[in-house]
Amino acid sequence: MTNISAPAGILVKTSLVDYPGRIACAFFFAGCNLRCPYCYNHGLVNDPFSENLNSLQELCSHLEKRKGIISGLTLSGGEALLNPETAEITSYAKKIGYKVKIDTNGMFPERLAFLFKNKETSPDFIAMDLKTTPDRAPLLSKKLSPDEYIKKTSRTIEILKSLPEDSWEIRTVLVPPLVSIENIDQLASFVPENASWQFANFQNENCLNPDFCKIQPYPDSEADKIIQKAKKTVPKACLR
């Protein structure tokens, strides 16, 4: 690995929520290709190296120390697939006995496919964010067209469909301007019927776009209606 001692991201030493069914640590890489307006990790997105960041050397040392205590490593961000060290970190962690999960926004299917070319770099679990419908893709990035969003999202989901059913999930945050009961059927059309589709409530705090801090999350009753509608197409849709 190159620049192993350079600042690279934020290390969460112990997590009960970042890897389903496992006690894990998580490493949030700096840098992202999107600018999702509701993002709460915007310190890693807008000006990543203003953060007090950890190095990959610190991550590796932590993994060595915690062997037998934690069993999973989640690589997130930012966007984990942007980092050139993701494959090597995955290989290293798996070699010393960890299961590795990667969180991705779905915009790098080629890089994800590259990881699966070798057993040593193949993640054990993938969580892909499905953020909104194609017509609203420019809200995630002015450089992202609806056609590009469709192409990349579809390719990433094709990779997921080739994996064991219990080794991946689709995630969607219930952000009112991006996800609604009116567009949930269109959103569901991207999701395989057998998918674990995990919804999360929107938190209107510390958003990258301050205007989104003024948006009220869906009340429980409205969120439930959206999820129940999603379940008609994807039975395992649920609120995490």
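First, a word on scope: everything that follows refers to the structure included in this document. (Residues numbered from 1 in each chain as written. Predicted model: local features only at pLDDT ≥ 70, side-chain atom pairs only at ≥ 80, totals over all residues. Heavy atoms only, no water.)

Comments concerning the packing of aromatic side chains
One pair of aromatic rings is described through two measures. These are the centre distance and the angle between the planes.
Then, number 1: Across all of its chains, the model carries three aromatic pairs by this definition.
Then, number 2: Taking the centre distance of 6.0 Å and the plane angle of 45° together, the rings of Tyr19 and Phe125 count as tilted. One end of the pair, Tyr19, is in the loop between β1 (7-15) and β2 (24-29); the other, Phe125, is in strand β6 (residues 125-129), and 106 residues separate them in sequence.
Then, number 3: A relative accessible area of 4% means that Tyr19 is categorised as buried.
Then, number 4: On the basis of relative accessibility, which here comes to 9%, the residue Phe125 falls in the buried class.
Then, number 5: Considering the side-chain rings of Phe27 and Phe29, the 5.2 Å spacing of their centres and the 70° angle between planes classify their relative orientation as edge-to-face.
Then, number 6: Under the relative-accessibility criterion, Phe27 is labelled buried at 0%. (Phe/Tyr/Trp six-rings, centres within 6.5 Å; stacked < 30°, edge-to-face > 60°. Helix = DSSP H or I, 4+ residues; strand = E, 2+ residues; numbered from the N terminus. Buried < 20%, exposed > 50% of the residue type's maximum accessible area, 1.4 Å probe, protein only.)

Structural notes on the pairing of strand β4 (residues 72-76)
Each regular strand displays side chains that alternate between the two surfaces of the sheet.
Then, number 1: A large share of β4 lies buried, amounting to five of its five residues.
Then, number 2: A two-sided burial pattern is seen for β4, the buried positions comprising Gly72, Thr74 and Ser76 on one face and Leu73 and Leu75 on the other.
Then, number 3: Pairing of β2 with β4, which is carried by five bridges, proceeds in the parallel orientation. The residue bridging Phe27 from the neighbouring strand is Leu75, located in β4.
Then, number 4: As paired strands, β4 and strand β5 (residues 99-104) are joined by four bridges and run parallel to one another. Its bridge partner being in β5, Thr74 is matched across the sheet by Lys101.
Then, number 5: This β-α-β element, β4 to helix α2 (residues 86-95) to β5, shows right-handed connectivity. (Pairing = 2+ DSSP bridges. Right-handed = clockwise from strand over helix to strand, strands pointing away.)

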